[in-house]
Amino acid sequence: MEKFTTLTGVAAPMPLVNIDTDMIIPKQFLKTIKRSGLGKNLFDEMRYDNDGNEIPDFVLNQPAYRNAQILVAGDNFGCGSSREHAPWALLDFGIRCVISTSFADIFYNNCFKNGILPIVLPQDQVDALMDDARKGENARITVDLDSQTVTGADGSVYAFEIDSFKKHCLLNGLDDIGLSLEKVASIDAFEAQAAQSRPWV
């Protein structure tokens, strides 16, 4: 998993509330177990018309936001079913951070396991960052995980809270497999000792 330390990038404004995982990646794209290739179908039903043509008004189809790495979103982002394909699709598109007033619990935890930083801020601060995001590609936002701050385009700094273990995992690029591999020496020692003491197993 790619480490998350500091990110400076374009933020796309998505003020809709209750964006659920089916909106993020519709059910017809859930047949794959690969984490790559889903970015083209991110927000598919909002991004494309019935003929597969881009809908120009949708934010990620606008030239200023095609390379957005941050989403500033409405309340209760990622609600609905617990599909892990939702963070896969966001990451494959290039989104590394989502800022909102609240997230659905399962989606929130899945983000950390896939290298995405979900940030919870008060409504007034999200509103300020939403205004920044609406200014387009010249209004860049900086997210610093180590200092736990978001810096808006005008220099305003907002502090956010994060669980220390989740922060450690993101800073070091550790998913569940990476965490297990950190203990590989202890696991090998245990297996060797177990083989000696219980050779019949």
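As shown above, the structure is provided for reference.
Residues numbered from 1 in each chain as written. Predicted model: local features only at pLDDT ≥ 70, side-chain atom pairs only at ≥ 80, totals over all residues. Heavy atoms only, no water.

Trainee: Sorry if this is basic, but what is going on with the sheet that holds strand β7 (residues 157–159) here?
Mentor: Sheets are built from strands that pair by backbone hydrogen bonding, the pairs being arranged parallel or antiparallel. Strand order in the open sheet formed by seven strands is β4-β3-β2-β1-β5-β6-β7, and the pairing between neighbours is mixed. Two strands close off the open sheet at either side, each with one partner strand: β4 (117–120) and β7. Pairs of neighbouring strands in the sheet enclose a mean axial angle of 25°, with direction left out of account. On the sheet, helix α5 (residues 123–133) packs against β1 (6–14), β2 (70–73), β3 (97–100), β5 (140–144), β6 (149–151) and β7 and is oriented at approximately 125° with respect to β2. (Pairing = 2+ DSSP bridges. Helix = DSSP H or I, 4+ residues; strand = E, 2+ residues; numbered from the N terminus. Axes fitted to C-alpha atoms, helices over the stretch in contact; angles between N-to-C directions. Contact = heavy atoms within 4.5 Å.)

Trainee: What am I meant to see in the side chain of Q148 here?
Mentor: If you trace the backbone, Q148 turns up in the loop between β5 and β6. Residue classification places Q148 among the buried residues on the basis of a relative accessible area of 17%. Once residues lying within four places of it in the same chain are set aside, the contact partners of Q148 are Y158, A159, F160, E161, I162 and K167. (Buried < 20%, exposed > 50% of the residue type's maximum accessible area, 1.4 Å probe, protein only.)

Trainee: What's the story with the packing of aromatic side chains in this structure? I'm lost.
Mentor: Two measures describe an aromatic ring pair: the distance that separates the ring centres and the angle between the ring planes. Summed over the entire model, instances satisfying the criterion amount to six aromatic pairs. Look at F103 and F107: their rings are 6.3 Å apart centre to centre, the planes differ by 20°, and that puts the pair in the stacked class. Where F103 meets Y108, the ring centres are 5.8 Å apart and the plane angle is 45°; that geometry is what we call tilted. Considered together, F103 and Y108 belong to a single accessibility category, that of buried residues. Counting every residue linked through ring pairs, the aromatic cluster contains F77, F103, F107, Y108 and F112. (Phe/Tyr/Trp six-rings, centres within 6.5 Å; stacked < 30°, edge-to-face > 60°.)

Trainee: Just to check I follow, could you spell out the pairing of β3 for this structure?
Mentor: Along any regular strand, the residues point their side chains to alternate faces of the sheet. Of the two faces of β3, the one holding C97 and I99 and the one holding V98 and S100 are both buried throughout. Judged from the three bridges that link them, β2 and β3 form a sheet pairing that is parallel. What sits directly across from L71, in β3, is V98. Handedness of the β2-helix α3 (residues 85–93)-β3 crossover: right-handed. The pairing of β3 with β4 spans four bridges and is classified as parallel. Each bridged residue has a counterpart across the sheet, and for V98 the counterpart in β4 is P118. (Right-handed = clockwise from strand over helix to strand, strands pointing away.)

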